Amino acid sequence: MTATTQLAAQWHDVCGLDDLVNNSGVCALIGEQQIAIFSLTIKGEQQIYAISNWDPVGKANVLYRGLLGSIGDEIVVASPLYKEHYSLVTGRCLERDDVSVLAYKVKRDGDRIFVAVE
Amino acid sequence: MALGERGGIVIDDSCLTSDPDIYAIGECALWQNRIFGLVAPGYTMARAAVSHLTGGDTRFTGADMSTKLKLMGVEVGSIGDAHERTEGAQSYTYFNQPEGVYKKLVVDAEQKQVLGAVLVGDTSDYDTLLQYALNGIELPEQPESLILPSSDAAPALGADALPDTATICSCHNVAKSDIVTAIDGGCCSLGDVKGATKASTGCGGCTALLKNVVDSELEKRGVEVSKAICEHFNHTRQELFHIVKVNGITSFEQLLEGHGKGLGCEICKPAVGSILASVYNDYILKQEHLPLQDTNDIYLGNMQKDGTYSIVPRVAGGEITPEKLILLGEVAKQYNLYTKITGGQRIDLFGARVEQLPEIWETLVAGGFETGHAYAKALRTVKSCVGSTWCRYGVQDSVKTAIDLENRYKGLRAPHKIKFAVSGCTRECAEAQSKDIGVIATENGWNLYVCGNGGMKPRHGDLFATDLDTETLVRYIDRVLMFYVRTADRLQRTSVWMDNLEGGLAYLQDVVINDSLNLNDELEAQMNSLVANYQCEWKTTIEDEASRKRFRQFVNSKAADANIQFVEERGQVRPATEMEKKLGTNKAIPVDVI
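Residues numbered from 1 in each chain as written. Chains lettered and ligands numbered in written order. Predicted model: local features only at pLDDT ≥ 70, side-chain atom pairs only at ≥ 80, totals over all residues. Heavy atoms only, no water.

So, the overall build of chain B
Then comes step 1: When you go through chain B residue by residue, the secondary structure sums to 19 helices and 21 strands.
Then comes step 2: Of all 594 residues assigned to chain B, the portion counted as buried reaches 47%.
Then comes step 3: Across chain B, every contact between residues at least 6 apart in sequence was considered, and the portion connecting residues at least 24 apart equals 56%.
Then comes step 4: Of the roughly 28,700 Å² of accessible surface on chain B, 50% is carried by carbon and sulfur atoms. (Helix = DSSP H or I, 4+ residues; strand = E, 2+ residues; numbered from the N terminus. Buried < 20%, exposed > 50% of the residue type's maximum accessible area, 1.4 Å probe, protein only. Contact = heavy atoms within 4.5 Å. Areas by Shrake-Rupley, 256 points an atom, 1.4 Å probe, with all protein chains shown as cover.)

Below, the structure written as structure tokens:
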């Protein structure tokens, strides 16, 4: 499964900048899709990432509650249920080849946060 | 199909039944009129069956039926020729009637080898004796020392003493030589060896032995066995604790910048969060500490498999008023929570969605409850019996002492969870000897036991001091706990800490009772400051709008997570299975957002 979004993706205004919790995650609902949005300070700069909130191993909507960190050069979230690591950039699972999550495009415009969803 | 006289499907050496198209393995199979009711023979049978199917010649030739288990609460173990049927066999027995322990060691005529053993009431020698029996290891000069209570060190069987043929993992039939081969083939960690050999991935009973063998083999090859906590810090937890304390470090970023690399991970972040809490007892949810907490600590609840939380209010000493009991019932009814009594004498409420937590706790706090820290590596419970207040046999007020201890140490962050118990007399109804800190009443005061454990690897607590008055008791516990918090490894329970403490019990007694390190004033001062700074994390959280905001499933919607669904079972809710969700079973209980 590739982790980029489709061509017909649309930007959705999901929350304000001050809704994000630094070095932690929140979750947005767009249609029926749950999207985990993470804010990290890396080398003094804020970076924002978005991946699917569904934990494909634990089968629950919990990834936004996972701990953030790095494994080697990869920026990851650890599932709060069984601790698999997912890349915030690609959605790849570092421990297992048979599962992955979707990664979404996310941007900041002024003090609003937008996520691109099909 | 041919069946045995007393049941069981008759199989031959290839596990083939009387029907040439059907194999039978495991407990249903009868081989030479014997049933093998253990998992390891089941695997061996499977190998024989597969071998026959694929044209190999592996046969089932019986199996070692040595085993240990618990029968009606009594530990029993049996190894090899337990009944001395071998010609010339001789035996040693140890019988301790008061403690209900019986051990028999069967040896050959020359007293060189173990033929079998029987263990009742105490199977702690099982692993060692089994290795002697399976591998024909020569007995020590005084074979009886293997079953006698160890006044000092019983000759333990180190990894190096095991021959290459020694079976380490009997579930997957992995010998020491297989592990050596795996390491020679490039495996350089416990995980690698597990992956390559499958050792320790069955029942898991050999985990500790496997680790010993792997560490010892790696060390032999000059591999430095890394004690680093994770890839971000090249330090142990003790070293990090020391760095934080000595350098007055107050944040993860500060520590990472000076002493680590990368962004951290789910191992080092909570470990540092716990160290900071142990040193300063800052409100655990302060903005800068928040991302360090493990998810259970962040949401102040225990996440269950469906992403909901369980709620465990503190019930100090297990004493609760009818009013509070009713309140718990009312909350459970209002929010449709599943209720269960815990092993620590309190009540667990399951199935609360993350956005319900603050309002549930608002009700609980208003009713006089505090957080129970069931989600934290911290003091959990102080279990107690009713003691001298009600019991005909009680000699001290165990309930009052339990409540006082629980209130003193609640909120204390530690390398792992901590459990206490206080018994009002020597009958020990509170099971204090299986706790990290156990207190048992005597005619003259209290006996203090330390570093006991139940759970996966049970350990009886060591008798630390006798006939203490209450004040001395508390002082000793202060020091023991604070010394543990300072020196233990991440996720190391007190039992394992004690087993690894150089000098063991005598050393700890010397530190705590005789102040051999000249540390006691500092340990006590630190504990006093932690006690003085205690706050109920839930009370602080519900009083702060910004903190409450974090308890949302969605940042842009008040909807509930549609994947959380319950069905009814035995009059309460439980999470729906994947199948039940797919079928959309009509037993699902609709849950309204309140």
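As for the interface of chain A and chain B
Then comes step 1: Contact residues are listed per partner, giving 35 residues for chain A and 38 residues for chain B.
Then comes step 2: Roughly 2,800 Å² is buried in total at the junction of chain A and chain B, and carbon and sulfur atoms are behind 53% of that figure.
Then comes step 3: A per-residue breakdown of the area chain A buries against chain B is headed by A:Leu29, A:Arg65 and A:Leu67, which together make up 25% of the total.
Then comes step 4: Our count for the chain A to chain B interface comes out at three salt bridges.
Then comes step 5: Taken together, the connections running from chain A to chain B amount to 19 residue pairs in polar contact (both at pLDDT 80 or more).
Then comes step 6: Counting only elements with at least two residues in the side of chain A that touches chain B, the list comes to β1 (10–16), β2 (24–30), β3 (33–42), β6 (60–61), β7 (67–71) and β8 (74–78) of chain A.
Then comes step 7: When residues of the side of chain A that touches chain B are assigned to their parent elements, the largest contribution, five residues, is made by β7(A).
Then comes step 8: For the side of chain A that touches chain B, a count of residues per class yields 20 nonpolar, ten polar and five charged. (Buried area = accessible area lost by both parts, 1.4 Å probe. Salt bridge = Lys/Arg side-chain N within 4 Å of Asp/Glu carboxyl O. Polar contact = N/O pair within 3.5 Å; in protein donor to acceptor, adjacent residues only side chain to side chain. Nonpolar A, V, L, I, M, F, W, Y, C, P; charged D, E, K, R; others polar.)

Here's the deal with the environment of B:Ile275
Residue and element names in this part refer to chain B.
Then comes step 1: Tracing the chain through its elements places Ile275 in helix α8 (residues 268–280).
Then comes step 2: Given a relative accessible area of 1%, Ile275 falls into the buried group.
Then comes step 3: Excluding residues within four positions of it along the chain, Ile275 makes contact with Arg237, Leu240, Phe241 and Val244.

Thoughts on the nonpolar core
Then comes step 1: Ranked by size, the top nonpolar core spans 71 residues in total, and within it A:Ile37, A:Ile51, A:Leu88 and A:Val115 carry the most contacts.
Then comes step 2: No other element matches the six residues that β3(A) contributes to this core.
Then comes step 3: Excluding its chain neighbours within four sequence positions, the residues that come into contact with A:Ile37 are A:Val14, A:Leu20, A:Ser24, A:Gly25, A:Val26, A:Ala28, A:Ile48, A:Tyr49, A:Ala50 and A:Val115.
Then comes step 4: Judged by nonpolar contacts, the second largest core, of 59 residues, contains B:Ala414, B:Ala441, B:Leu481 and B:Met482. (Core = buried A, V, L, I, M, F, W, Y, C linked by side-chain atoms within 4.5 Å.)

A closer look at the sheet that holds strand β11 (residues 112–117) of chain A
Residue and element names in this part refer to chain A.
Then comes step 1: Strand order in this open sheet of six strands is β1-β11-β10-β4-β3-β2, and the pairing throughout is antiparallel. The sheet is open, and its two borders are formed by β1 and β2, each paired with just one other strand. The sheet shows a mean angle of 30° between the axes of neighbouring strands, direction not considered.
Then comes step 2: For strand β4 (residues 45–52) and strand β10 (residues 103–109), the ladder comprises two bridges, and the chain directions are antiparallel. Paired with Ala50 across the strands is Tyr104, a residue of β10. (Pairing = 2+ DSSP bridges. Axes fitted to C-alpha atoms, helices over the stretch in contact; angles between N-to-C directions.)

Description of unusual backbone geometry
Glycine aside, residues mostly have negative phi angles, and peptide bonds mostly take the trans form.
Residue and element names in this part refer to chain B.
Then comes step 1: We note that Asn33 has phi near 65°; this positive angle belongs to a residue other than glycine.
Then comes step 2: Inspection of the secondary structure puts Asn33 in the loop between β2 (29–31) and β3 (34–35).
Then comes step 3: The phi torsion at Arg570 lies on the positive side, around 50°, for a residue other than glycine.
Then comes step 4: With respect to the helices, strands and loops of the structure, Arg570 is situated in the loop between β20 (566–569) and β21 (572–575).

A closer look at a nonpolar patch on the surface
Then comes step 1: A cluster of nonpolar side chains, namely B:Leu69, B:Leu71 and B:Met72, defines an oily patch on the protein surface of about 360 Å² accessible area.
Then comes step 2: According to the relative accessible area criterion, B:Leu69 is partly exposed, its value standing at 39%. (Patch = residues over 30% accessible without salt bridge, like charges linked within 9 Å, V, L, I, M, F, W, Y side chains within 5 Å.)

Regarding the sheet that holds strand β16 (residues 418–423) of chain B
All names here are of chain B.
Then comes step 1: As summarised here, the arrangement of the five strands in space is β15-β16-β17-β18-β19, forming an open sheet in which the pairing is mixed. Strand pairing shows two members of the sheet lacking a second neighbour, β15 (379–384) and β19 (462–468), which therefore form its edges. Sheet twist, expressed as the mean angle between neighbouring strand axes with direction ignored, is 15°.
Then comes step 2: Against the sheet, helix α12 (residues 398–409) touches β15, β16, β17 (437–442) and β18 (445–450), its axis set at about 175° to β15.

Thoughts on the packing of aromatic side chains
Then comes step 1: This structure, assessed with the given rule, holds 15 aromatic pairs over all chains.
Then comes step 2: Pairing B:Phe36 with B:Phe60 gives two aromatic rings, centres 5.3 Å apart and planes at 85°, and the pair type is edge-to-face. Placement of B:Phe36 in the loop between β3 and α1 (39–53) and of B:Phe60 in the loop between α1 and β4 (67–71) is noted, with a sequence separation of 24 residues between them. The same class applies to B:Phe36 as to B:Phe60, namely buried.
Then comes step 3: When the ring of B:Trp361 is compared with that of B:Trp538, the centres are 5.5 Å apart and the planes differ by 10°; the resulting orientation is stacked. One end of the pair, B:Trp361, is in helix α11 (residues 357–366); the other, B:Trp538, is in helix α17 (residues 537–542), with 177 residues separating them in the sequence. This pair shows no difference in class: B:Trp361 is buried, exactly as B:Trp538 is.
Then comes step 4: Three or more aromatic residues link up through ring pairs in this structure, and these residues are B:Tyr299, B:Tyr309, B:Trp361, B:Trp538 and B:Phe551.
Then comes step 5: The ring of A:Phe114 is capped by A:Lys107, whose NZ or CZ atom sits 5.7 Å from the centre of that ring. (Phe/Tyr/Trp six-rings, centres within 6.5 Å; stacked < 30°, edge-to-face > 60°. Lys NZ or Arg CZ within 6 Å of the ring centre and 35° of its normal.)

Structural notes on the confidence of the model for chain B
Residue and element names in this part refer to chain B.
Then comes step 1: Scored by pLDDT, chain B has a mean of 88; 95% of the residues are at 70 or more.
Then comes step 2: Within chain B, β4 has the poorest average pLDDT of any element, 76, and strand β13 (residues 338–341) the best, 98.
Then comes step 3: Confidence drops under pLDDT 50 across residues 590–594; counting only partners more than four residues distant or on other chains, this segment forms nine contacts.
Then comes step 4: Here the complex is predicted with pTM 0.68, and the ipTM for its interfaces comes to 0.89. (pLDDT = per-residue confidence, 0-100.)

Considerations on the pairing of β7(A)
Two faces belong to every sheet, and in a regular strand the side chains alternate between them.
Residue and element names in this part refer to chain A.
Then comes step 1: Judged by how many residues are buried, β7 sits mostly within the fold: four of five residues are covered.
Then comes step 2: Where β7 meets β8, five bridges bridge the pair, whose relative direction is antiparallel. Residue pairing in the sheet places Leu67 in a bridge with Ala78 of β8.
Then comes step 3: Linking β7 to β8, which pair antiparallel, is a turn of two residues; within it Gly72 sits at a positive phi near 60°.

Some remarks on helix α6 (residues 237–247) of chain B
All names here are of chain B.
Then comes step 1: Burial in α6 covers these residues: Arg237, Leu240, Phe241, Ile243 and Val244. Buried residues of α6 fall within an arc of 165° about the axis and therefore sit on the same side. Opposite the buried face of α6, by more than 90 degrees, sit the exposed residues His242 and Val246.
Then comes step 2: The inward-facing, buried residues of α6 contact α7 (252–259), α8, α13 (470–487) and α16 (520–532). (Arc of directions from axis to C-beta.)

Here's the deal with the pattern of salt bridges
Side-chain pairs of opposite charge can arise whenever the charged atoms involved come near each other.
Then comes step 1: Tallied over the entire structure, the rule returns 32 salt bridges over all chains.
Then comes step 2: Residue A:Asp19 pairs with B:Lys549 through a salt bridge whose shortest N-O separation is 3.5 Å. One end of the pair, A:Asp19, is in the loop between β1 and β2; the other, B:Lys549, is in helix α18 (residues 545–549), on a second chain.
Then comes step 3: As a salt-bridge pair, B:Arg413 and B:Glu537 come within 2.8 Å of each other at their nearest N and O atoms. Residue B:Arg413 is located in the loop between α12 and β16, and its partner B:Glu537 is located in helix α17; the two are separated by 124 residues in the primary sequence. An identical accessibility class is assigned to B:Arg413 and B:Glu537; each is buried.
Then comes step 4: Look at the salt bridges and you will find they share partners, linking B:Glu569, B:Arg570, B:Arg574 and B:Glu580 into a network.

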